[in-house]
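Commentary on secondary and tertiary structure
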Amino acid sequence: MGHTVLIDLGDFVCNVQVETDPVPRVVSNTEVNAMRFALQSIFKEGASPSEDQIAEKFVNTLNEYSMCGGYVARLALYRYQEDVPSKAKVAVAFYRASDAPRRKGVPDWAHIRLFIEFKKGGTELDPFDDDDADYPEASGDRCAAVRAQLIAHTHNIFLYQHRDALYSLFVNGREFRILRWDRSGVIATKKHDYVKDPRPLLEFIAYFESLSDVQQGIDCTTTPLPPKSKAYKLMDDFAQANQSDMPHAEKTEIPPLDTVSSPPTPPASPSPVLAADQATTTDTPAAATYQGPAFSTRQKTKQPAVERRPDTLSVVPDETDPPEDDDSEEYLDEIEEPEGGPERVFQYVRDKFRASIDPEMGWPRYKLEVGEERRPFLVGKPIFFSTSMFGRGTRGYVALDVKARRFVFLKDSWRPFYAGVEREGHYLELLTSNPDVDIDVPRLVAHGDVSDHYAFATRYAEHLRAKELAKVKGDGEVPATSSSSEAAPATQASPVIGQKRTHEDMVDPTTDAETPALREEEGSLTDSESVAFRHYRHYRLVVLDVCLPFTEIVSSTQLVRLIYRCIHTHYLAYEHYSVLHRDISAGNVIIRPELKEIEGRRGWNKVAWTGILTDWELAKVVPKDGSKQTAKQPERTVRLCTLF
């Protein structure tokens, strides 16, 4: 079944589309006839227009008759952004009129609201198979390539923007499909001949115009930062090099802050990397007050984020723009005084932050809110991201903590959402709850689920599965999404078929983060053979430590010592808290540079590295009394069982 739910167009309209206020405008017969005439002019008998011809005719007709309302449709057929890893170039993109890129022909991934992909027609270019409801993802090589292209477009939009869902259209010759994407999968309609009957396609566009930002899938807990805003300027200020910033190489001696009057000068000794290559018995290079430029700190197990974005012009500030309203930035005035005075920063941390907001890239900047207190953080480009559209979708940022005026690490992801599966922040709180246990884990700043963001495709797939089971049993009863505040989020996948969804149906109605996501009730889909999709909930975690990867290690002795610290951390986690990590990998063991006082030298410190075990999101408490446990995530059980 993959990640696709295939349904009729009518079911999509009734059960996936949400109620809007105001209601969508009525598509006129004039619009329908104009589109039909334009399309039939290129789909003459025996004609086989190219995808470019179809796209151009379609977009020109939309714009000529103003069928997009407050949006504009732009062609982007001819060029892709050279900095995008997938080299994707979406055929047509919808933008708000105020956000449309100034340069035509290149997609602006930061502002796309809906995309349309065109193909010239034929089953060999259709990524979905309407004749196989159980396995709707067509298996041909070309079909798979088109499906991968659609996923690449969606992944890019989710990467540049902060979203929980996205709509798109797929046009293949004379036929079209509506697609709704989220982190658990895609809900796709069966194909419909829009040349013969363009009304359903135009009605969907009218429906899309009426959607609010939240209904379009925009994350309402994030705020784009205009270039003239105070928050934007604050990020620029913190990105500036500071003479008090410290090198991170281990054993570097750091003078007192009050003695730092000018930037340090490089020593005559070799760089740390060169010294490490020449050393065979020492742990680290000789101590120095300066160790050269910071190394790369990207996780090598993740895809590095885009480095440049030269073709995006829509984010360039207009000198005629009015100043931003100061009232919307009052949160910038809420400052916490740090204990012990201002914290010094390791140079590589500020370097990473500076690179993430480099104006040459044109990457959008955002304010993100985290936790119940909605603590604000400012971010730019992620320093790493998951390469998969489906799944946890992890993005990592060097963020600016607005209240504390310090750099932190922010992880934005979609956590597995099941009964008994705790949030990562819960384990960090647990592991640091006893001050007498010296355990090396990231230091928590804030965490929490993001608004009401649940992966809907899984819930809808479960609804359809429950409907089929009800038919087999002959009872005709199908679980429906409840509006009750006591309802569990994943036991009921969607409203009753035939009843249009409200925004409340689209999300879980409960506000209790501890409500079980799956209940062991008769007829529920918790049995392993019934599960095809995974449940996710949007989650953010902020920790104080912006760490280094193990690739920074310069000697085998250092490697053994840091790995030992991680092993010891896991021992303490199990011995004192009965917690197993369950996801140890090369990317989950990292280095935290710290300052240690030098005895006999007042105010002087030395850089020391500590091995940190991170990413506790799949951790589990294991009772030591031998009591029986059940699987918390059925799909993971299925995958493991297939190996044996």
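Residues numbered from 1 in each chain as written. Predicted model: local features only at pLDDT ≥ 70, side-chain atom pairs only at ≥ 80, totals over all residues. Heavy atoms only, no water.

A word on the sheet that holds strand E22 (residues 605-613)
One open sheet holds the four strands; their spatial order is E10-E22-E21-E19, and the pairing between them is antiparallel. Of all the strands in the sheet, just strand E10 (253-254) and strand E19 (548-549) have a single pairing partner and so form its edges. In this sheet, E22 lies alongside strand E21 (residues 589-597) in antiparallel orientation, the contact comprising nine bridges. Among the inter-strand pairings, Lys596 is bridged to a residue of E22, identified as Lys606. The sheet strands contacting helix H12 (residues 556-577) are E21 and E22, and the helix crosses E22 at an angle near 55 degrees. (Pairing = 2+ DSSP bridges. Helix = DSSP H or I, 4+ residues; strand = E, 2+ residues; numbered from the N terminus. Contact = heavy atoms within 4.5 Å. Axes fitted to C-alpha atoms, helices over the stretch in contact; angles between N-to-C directions.)

Some words on the nonpolar core
Most often, soluble globular proteins have nonpolar side chains that are buried together. Counting residues in hydrophobic clusters, the biggest one holds 51 residues, and the most contacted among them are Val349, Phe353, Leu378, Phe407, Leu431, Val579 and Trp616. By residue number, the principal contributor to this core is helix H6 (residues 230-239), which donates six residues. If we ignore the near neighbours within four places in the chain, the residues touching Leu378 are Leu225, Ala231, Leu234, Met235, Tyr331, Phe353, Tyr366, Lys367, Ala399, Leu400 and Val402. (Core = buried A, V, L, I, M, F, W, Y, C linked by side-chain atoms within 4.5 Å. Buried < 20%, exposed > 50% of the residue type's maximum accessible area, 1.4 Å probe, protein only.)

So, helix H3 (residues 51-64)
Here H3 is 14 residues long and its end C-alpha atoms lie 20 Å apart, about the 20 Å a rise of 1.5 Å per residue gives. Where H3 is concerned, the buried positions are Ile54, Ala55, Phe58, Val59, Thr61 and Leu62. The buried residues of H3 all sit within an arc of 160 degrees when viewed along its axis, so they share a single face. Of the surrounding secondary structure, the elements contacted by the buried residues of H3 are helix H2 (29-40), strand E2 (71-75), strand E3 (92-96), strand E4 (114-119), strand E5 (166-172) and helix H5 (199-210). (Expected span 1.5 Å × (residues − 1). Arc of directions from axis to C-beta.)

So, the pairing of strand E7 (residues 185-189)
Of all five residues making up E7, five are buried, and the element is well covered by its neighbours. The side-chain alternation of E7 yields two buried faces, one formed by Gly185, Ile187 and Thr189 and the other by Val186 and Ala188. As judged from the four bridges shared by strand E1 (residues 4-7) and E7, these two strands associate in the parallel manner. In the strand pairing of E7, Thr4 is matched with Val186. Here four bridges tie strand E6 (residues 175-182) to E7, and the two strands are oriented antiparallel to one another. The residue bridging Leu179 from the neighbouring strand is Ala188, located in E7. Counting the residues in the hairpin turn of E6 and E7 gives two residues.

Describing the environment of Gly425
Structurally, the position occupied by Gly425 is in helix H9 (residues 424-431). Along the sequence, Gly425 and Pro442 sit 17 residues apart, while their C-alpha atoms lie 9.9 Å from each other. Those residues within four positions of Gly425 in sequence are excluded, and the remaining contacts are Leu444, His447, Tyr539 and Leu541.

What about the packing of aromatic side chains?
Enumeration according to the criterion identifies 15 aromatic pairs in this entry. For the pair Tyr167 and Phe208, a centre-to-centre distance of 6.4 Å together with 85 degrees between the ring planes defines the contact as edge-to-face. Within this pair, whereas Tyr167 is found in strand E5, its partner Phe208 is found in helix H5, the two being separated by 41 residues in sequence. Of the residues examined, Phe208 reaches a relative accessible area of 1% and is grouped as buried. (Phe/Tyr/Trp six-rings, centres within 6.5 Å; stacked < 30°, edge-to-face > 60°.)

Description of the pairing of E5
Among the seven residues that make up E5, seven are buried, leaving the element largely enclosed by the rest of the structure. Residues Leu166, Ser168, Phe170 and Asn172 point to one face of E5 and Tyr167, Leu169 and Val171 to the other, with burial holding for every one of them. Two strands pair when backbone bridges link them, and E4 and E5 are joined in this way by six bridges, in the parallel orientation. Along E5, the bridge assignment pairs Ile116 with Leu169. In this fold, E4 hands off to helix H4 (residues 141-160), which returns the chain to E5; that crossover is right-handed. Following E5, the chain reverses through two residues before pairing antiparallel with E6; Gly173 in that reversal takes a positive phi of roughly 65 degrees. (Right-handed = clockwise from strand over helix to strand, strands pointing away.)

Brief notes about the packing of H2 against H3
The geometry of H2 relative to H3 is characterised by a closest axis approach of 10 Å and an angle of 155 degrees between their N-to-C directions. Here H2 lies roughly antiparallel to H3, going by the angle between them. When you trace H2 past H3, the crossing you get is right-handed. Residues Ala34, Met35 and Ala38 of H2 lie in contact with H3, whose contacting residues are Lys57, Phe58, Thr61 and Leu62. Across the contact of H2 with H3, the residue classes break down as five nonpolar, one polar and one charged. (Parallel < 35°, antiparallel > 145°, perpendicular 65-115°, else oblique. Left-handed = near helix turned anticlockwise from the far one by under 90°. Nonpolar A, V, L, I, M, F, W, Y, C, P; charged D, E, K, R; others polar.)

Some points on a nonpolar patch on the surface
Together, Leu559, Ile563 and Ile567 make up a nonpolar patch on the protein surface, roughly 240 Å² of accessible area in all. With respect to the helices and strands, Ile567 occurs in helix H12. According to the relative accessible area criterion, Ile567 is exposed, its value standing at 55%. (Patch = residues over 30% accessible without salt bridge, like charges linked within 9 Å, V, L, I, M, F, W, Y side chains within 5 Å. Areas by Shrake-Rupley, 256 points an atom, 1.4 Å probe, with all protein chains shown as cover. Salt bridge = Lys/Arg side-chain N within 4 Å of Asp/Glu carboxyl O.)

Focus on the pattern of salt bridges
Tallying each qualifying case throughout the model produces 39 salt bridges. Among the ionic pairs, Glu31 bridges to Arg25, the shortest N-O distance being 3.1 Å. Residue class for Glu31 comes out buried when judged on its relative accessible area of 9%. The salt bridge involving Asp213 is made with Arg113; its shortest N-O contact spans 3.0 Å. Residue Asp213 is found in the loop between H5 and strand E9 (222-224), and its partner Arg113 is found in the loop between E3 and E4; the two are separated by 100 residues along the sequence. Accessibility expressed as a relative area gives 32% for Asp213, which makes it partly exposed. Arg113 gets classed as buried once you look at its relative accessible area, which sits at 10%.

Quick notes on the environment of Gly69
Looking at the element boundaries, Gly69 is found in the loop between H3 and E2. Expressed as a C-alpha distance, the spacing of Gly69 and Phe208, which sit 139 residues apart in the sequence, is 9.8 Å.

Structural notes on the confidence of the model for the protein chain
Taken over all residues, the pLDDT of the protein chain has a mean of 80, while the share at 70 or more is 75%. With pLDDT under 50 throughout, residues 262-326 is counted as low confidence; its partners more than four residues away or in other chains account for 129 contacts. Low pLDDT (under 50) marks residues 637-644, which in the prediction has three contacts with non-local residues, meaning those over four places away or in another chain. (pLDDT = per-residue confidence, 0-100.)

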